[in-house]
Amino acid sequence: GRLKVPRLRRKEGLFLVEGIRSAREFLGATLPLPIRFAVVSSRLEELAGGSQLAAALEKAPFPVLSVDDPDLSGLSDTESPQGILMVVQEPDVPSPETFLGEGGSPPRVLVLDGVQDPGNVGTLLRGARAFGLDGVLALDGTADPWSARAVRAGAGAMAHIPLLRQPVSQALSWLEDFKIQVLVADAGGTDVRSVSPPAGWALVVGNEGGGTRPLIRAAASRLVSVPMA
């Protein structure tokens, strides 16, 4: 229950992973994300991919507790749990230099500026992983990326892509120090298909209602958009 309350979740430094796909991703995480324990119910074996996950959990180095379906539902953050819940330790805070490529080459980074909906945060992280970006910066004002809803929407992306929460001033200072160009997603920007990006760039996605804050727009080298009918 404590992990469902934002303040207490942050204090514990733990987060919930639910669902077969997400659990599978965190079992094979490429980032150091210790799994404290897992809770399973008989429903897991009834769903696609569940029996394979159950077999993998038998070899897991952490405790796996079996409970009845109603008990798991009481622990879950979803209405229809898939018979698997993990409690995972939030990773150590990476330094921005973690994002740099081989030989310190400039990275490609997604920046979340005040994205308030946890589902949107998770979806954007999933997109960052899908496009092979080097990291994600979540600026102050952005929803907790380790909340149960964000992790669920991320579908395991957080197990593979470095994520750093930073105040906007620190983030802009780091981007400037490493000469990483700032691109801002904006409906009035240049068609992204006509843009030739530099070797390293940071694409900023702003708040759902207000967009990006003026400080970031002032630091941007270009506004880019995806044209829509």
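Residues numbered from 1 in each chain as written. Predicted model: local features only at pLDDT ≥ 70, side-chain atom pairs only at ≥ 80, totals over all residues. Heavy atoms only, no water.

## Side note on the sheet that holds strand β2 (residues 35-40)
Condition: Any two strands between which DSSP finds at least two bridges are classified as paired. Runs of E in the DSSP output that reach at least two residues are strands. Runs of H or I that reach at least four are helices, and both are numbered from the N terminus. An axis is simply a line fitted to the C-alpha atoms; with a helix, the fit covers only the stretch in contact. Between two such axes, the angle follows the N-to-C directions and lies from 0 to 180 degrees. Every residue pair with non-hydrogen atoms within 4.5 Å of one another is taken to be in contact.
Taken in spatial order, the four strands of this open sheet run β1-β4-β2-β3, and their pairing is mixed. The sheet is open, and its two edges are formed by β1 (14-18) and β3 (64-66), each paired on a single side. Going across the sheet, the axis of each strand differs from the next one's by a mean of 20 degrees, ignoring polarity. In this structure, β2 lies alongside strand β4 (residues 84-89), joined through five bridges in antiparallel fashion. Within β4, the position partnered with Ala 38 by the bridge is Met 86. In the packing of helix α2 (residues 20-27) onto the sheet, contacts are made with β1, β2 and β4, and the angle to β4 comes to roughly 40 degrees. Strands β2, β3 and β4 of the sheet are contacted by helix α3 (residues 50-58), whose axis makes an angle of about 45 degrees with β4.

## Here's the deal with the pairing of strand β8 (residues 181-191)
Remark: a regular strand shows side chains that alternate across the two faces of the sheet. By the bridge criterion, four bridges tie β8 to strand β9 (residues 201-205) in an arrangement that is parallel. Each bridged residue has a counterpart across the sheet, and for Leu 183 the counterpart in β9 is Leu 203. As judged from the five bridges shared by β8 and strand β10 (residues 222-225), these two strands associate in the parallel manner. Residue pairing across strands places Leu 183 opposite Arg 222, the latter belonging to β10.

## As for the packing of α2 against α3
Convention followed: A clockwise turn of the near helix away from the far one marks a right-handed crossing, whereas an anticlockwise turn of less than a right angle marks a left-handed crossing. Three classes are used: nonpolar for Ala, Val, Leu, Ile, Met, Phe, Trp, Tyr, Cys and Pro, charged for Asp, Glu, Lys and Arg, and polar for all others, with Gly counted as polar.
Running from N to C, α2 and α3 point in directions that differ by 35 degrees, and their axes come no closer than 10 Å. For the pair α2 and α3, the crossing hand works out as left-handed. Here Ile 20, Ala 23, Arg 24 and Leu 27 of α2 come into contact with α3, specifically with Gly 50, Leu 53, Ala 56 and Leu 57. A class-by-class count of the residues in the contact of α2 with α3 yields six nonpolar, one polar and one charged.

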